[in-house]
Amino acid sequence: CDEASPWFSRLDSKSRGLMLQVESALSSAAHGAALKLGDGGEQDLSNILTPADECRHWEVLANRPAYGADPAAVVRAQEVWQALEPLAEQLDSFAELGFGEALELLDALHDALDAMHDALCPEKRMVHLMRVVGSAVDGYVKRQLGGLDLWRAPYMRVARLLKDSSAL
């Protein structure tokens, strides 16, 4: 559900809550199906489109391991989830953060990536996560600058937004 869409805001609070629950359940079901069809989890990148998806992936592997899962893989998943858990909520709402908050989140995510590396997270998965984060940052900057008329907006506003964007 796109919570910012006009139709979503017209729903009453109970309907909005139900829509979000349905979306969450569908996402979990799709994730579970991918785990059954894929390689069991760590190498499956098929449903990781945002940094928040990566967090949900590791949360599931850490808290609800597949039957017969390798104990070392479960421990690794728990270590990775421990690194990502403090950032999960912010990653889920990355697009709504201010520049300062986004910069702090990216710094914290750098530390989480170090922890993932220390937990022996597969390289393919980490490279994919970095690409997904890069895409999220690109989209964030485009949204921040999208409505800006570089030639007509006040110089100080343009300079500040460009400086903030380049800091990310």
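The shown structure was predicted, so the numbers you read here are calculated from the model rather than taken from an experiment.

Conventions we followed
Residues numbered from 1 in each chain as written. Predicted model: local features only at pLDDT ≥ 70, side-chain atom pairs only at ≥ 80, totals over all residues. Heavy atoms only, no water. Helix = DSSP H or I, 4+ residues; strand = E, 2+ residues; numbered from the N terminus. Buried < 20%, exposed > 50% of the residue type's maximum accessible area, 1.4 Å probe, protein only. Contact = heavy atoms within 4.5 Å. Areas by Shrake-Rupley, 256 points an atom, 1.4 Å probe, with all protein chains shown as cover. Phe/Tyr/Trp six-rings, centres within 6.5 Å; stacked < 30°, edge-to-face > 60°.

Caption draft 1: Representation of the overall build of the protein chain. Within the protein chain, the regular secondary structure consists of eight helices and zero strands. In the protein chain, which comprises 168 residues, the share counted as buried stands at 36%. Within the protein chain, contacts between residues separated by at least 24 positions form 55% of all contacts whose residues are at least 6 apart in sequence. Element-wise, carbon and sulfur atoms account for 56% of the exposed surface of the protein chain, whose accessible area totals about 10700 Å².

Caption draft 2: Quick peek at the packing of aromatic side chains. If you walk through the whole model with that rule in mind, you get two aromatic pairs. Between Phe94 and Tyr140 the ring centres are 5.1 Å apart and the planes differ by 45°, which places this aromatic pair in the tilted class. Here Tyr140 lies in helix H7 (residues 123-145) and Phe94 lies in the loop between helix H5 (88-92) and helix H6 (99-118), a separation of 46 residues in the sequence. For the pair shown, Phe94 and Tyr140 are each scored as buried. Ring geometry for Phe99 versus Tyr140: centroids 5.6 Å apart, planes at 85°, classification edge-to-face. Taken together, the residues Phe99 in helix H6 and Tyr140 in helix H7 connect sequence positions 41 residues apart. A single burial state applies to Phe99 and to Tyr140, both of which are buried.

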